[in-house]
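Each chain, letter by letter, is given below.
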Amino acid sequence: MMDNPFAVLERRLNRLEALLLDLKAASGQPKQTELPARLTKKQALNFLKDQGIIISESHLYKLTASRGIPYQKFNNKLVFSREELLHWIENQTASPGNDDEVTLTLARSARRKQKGGKHDA
């Protein structure tokens, strides 16, 4: 009796995948685990850290309370979308050519401090 050709292919692909993971581990590169589309608080913190955004758990809670970061709630627990977090990171980073806006913001802040903290229009 002959094996199903698709089953044979699947076994061979699984072996190849395992060999590639072994080679990657032997080369010293960390194994990448595929993250789900929706992340827990801990996964989100690690994901942000991998993207170069290191924040504490309490800072993450403050960002969610102020709606400063995209999140959802499921069964009263915080859930984060990988795609929305990537989009949020892109919106948080200032482009190098945007120095005029940064300078203007700093100048306004300095004027407010000189005037005793009053906001100017």
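In this text, all values refer to a predicted model and were calculated from it rather than measured experimentally.

Some thoughts on unusual backbone geometry
Positive phi, close to 60 degrees, is recorded for Arg67, a residue that is not glycine. Counting through the fold element by element, Arg67 comes out in the loop between helix 3 (57-65) and strand 2 (72-74). Positive phi is not limited to glycine here, since Asn76 has a value of about 65 degrees. Inspection of the secondary structure assignment puts Asn76 in the loop between strand 2 and strand 3 (77-81).

What to know about a nonpolar patch on the surface
A surface patch of nonpolar side chains, amounting to about 310 Å² of accessible area, comprises Leu13, Leu16 and Leu19. The topology assignment puts Leu19 in helix 1 (residues 5-26). For Leu19, a relative accessible area of 51% gives the class exposed.

A look at the confidence of the model for the protein chain
Residues of the protein chain with pLDDT of at least 70 account for 84%, and the chain-wide mean is 83. Confidence, expressed as mean pLDDT per element, reaches its minimum in the protein chain at helix 5 (residues 99-114) with 79 and its maximum at helix 3 with 95.

Cut-off values and rules
Residues numbered from 1 in each chain as written. Predicted model: local features only at pLDDT ≥ 70, side-chain atom pairs only at ≥ 80, totals over all residues. Heavy atoms only, no water. Helix = DSSP H or I, 4+ residues; strand = E, 2+ residues; numbered from the N terminus. Patch = residues over 30% accessible without salt bridge, like charges linked within 9 Å, V, L, I, M, F, W, Y side chains within 5 Å. Areas by Shrake-Rupley, 256 points an atom, 1.4 Å probe, with all protein chains shown as cover. Salt bridge = Lys/Arg side-chain N within 4 Å of Asp/Glu carboxyl O. Buried < 20%, exposed > 50% of the residue type's maximum accessible area, 1.4 Å probe, protein only. pLDDT = per-residue confidence, 0-100.

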